[in-house]
Amino acid sequence: MKKRLGFLVFLVILCLTMPNLTVGSDTGFVASQIYGWSDDFNDGILDGWTVDGWNSTELPATQEDANITAEDYTMRVYGEETSRAYHTSNVAYGNWSFDVDCAATEYNHFYIAFVSALPTDINSPPAEYGIMVVTGVFGSWDNDFIFYQRNVGSFSIVPVSVYDSADVSGWHHIHITRSLDGNFTVAFNGTIQMEFVLGTFSSSDVFSFYSMPGPAIDNIIVTPAEELVPTTTTTTTTTNGDGEPPDMTILLIAGGGVLVVVILLIVIKRKG
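Residues numbered from 1 in each chain as written. Predicted model: local features only at pLDDT ≥ 70, side-chain atom pairs only at ≥ 80, totals over all residues. Heavy atoms only, no water.

Undergrad: How would you explain the packing of aromatic side chains if you had to name every residue and give the values?
TA: As enumerated under the stated definition, the model contains 22 aromatic pairs in all. Measuring from centroid to centroid gives 4.8 Å for Tyr129 and Phe201, while their planes differ by 40°, and the two rings are tilted. Within this pair, whereas Tyr129 is found in strand S9 (residues 128-138), its partner Phe201 is found in the loop between strand S14 (191-197) and strand S15 (206-211), the two being separated by 72 residues in sequence. A residue is classified by how much of its surface remains accessible, and Phe201, at 16% relative accessible area, is buried. (Phe/Tyr/Trp six-rings, centres within 6.5 Å; stacked < 30°, edge-to-face > 60°. Helix = DSSP H or I, 4+ residues; strand = E, 2+ residues; numbered from the N terminus. Buried < 20%, exposed > 50% of the residue type's maximum accessible area, 1.4 Å probe, protein only.)

Undergrad: Would you mind going over the sheet that holds strand S11 (residues 158-164) in detail, with residue names and values included?
TA: Within a sheet, adjacent strands bond to each other through the backbone by hydrogen bonds, running parallel or antiparallel. Strand order in the open sheet made by the eight strands is S3-S2-S6-S15-S8-S9-S10-S11, with antiparallel pairing throughout. Each having just a single partner strand, strand S3 (62-64) and S11 make up the two edges of the open sheet. Here the strands of the sheet are splayed against their neighbours by 20° on average, with no regard to which way each runs. Bridging between S9 and strand S10 (residues 141-150) involves nine bridges; their strand directions are antiparallel. From the neighbouring strand, Val133 faces S10, where its bridge partner is Phe145. (Pairing = 2+ DSSP bridges. Axes fitted to C-alpha atoms, helices over the stretch in contact; angles between N-to-C directions.)

Undergrad: Residue-level account of the nonpolar core, with values.
TA: The biggest cluster of nonpolar side chains holds 40 residues, and the ones touching the most others in it are Phe98, Ile112, Phe147 and Phe207. One finds Trp54, Ala61, Ile157 and Tyr210 within the second-largest nonpolar core, a separate group that totals 12 residues. (Core = buried A, V, L, I, M, F, W, Y, C linked by side-chain atoms within 4.5 Å.)

Undergrad: So what's going on with the environment of Pro126? Residues and values would help.
TA: With respect to the helices, strands and loops of the structure, Pro126 is situated in the loop between strand S8 (109-116) and S9. Leave out the neighbours within four places in its chain, and Pro126 touches Ser116, Ala117, Leu118, Pro119, Arg150, Asn151 and Val152. (Contact = heavy atoms within 4.5 Å.)

In structure tokens, the structure reads:
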């Protein structure tokens, strides 16, 4: 009888310790950050940006070293040729907000491509939506902000809307909104100056800024349309006292152990 009781005690201890043997390291779930981003360049570096440059005086353009830095805590172009910086950005519907210093350049214009395919070749521009800032006379424009569409491989732009500003020089704040049905609104310094519907491009790879020396961009904030932001569903669960839900595997093992003990007790009682 003593042997049976000793064996029974052993089984009870085993049932209580087995759950601890099955616990491994916890694996946390990390949601992918696939949407908004921002940069105010206050660290003085171009973290997360890819830079390149070219000389487009004659076509085909030739590759040059980029001369674009955040040394003055904005992203500004220096040197003599065109420089470009682009940042991963897959927001094609939502909000784009930024400040631009519209300094004059040799050819009186520069670009902010807020929806763009990934650049592949300096002589084959990517498809993009953007704002071309014209700081003087350039072609048929003079001191204008032009919302444009560029088709892949084309050096020419397709003007969509033009804001003829009395003064393009200095810093300006631009805020662009695009709803899921393709409605664009573009505000300059807090006042909406452009409204239209456009649905050609429905995806984006990067946000680009490119110019000859002088202009700068700062305080970039990119956020997706609210409808595209994943929502979190709240559910009520029983926890184990540490804020964690109970491990069902452990409960099943412990329950199975208790069942074994109960059966053994019945057998011992009958035989006793």
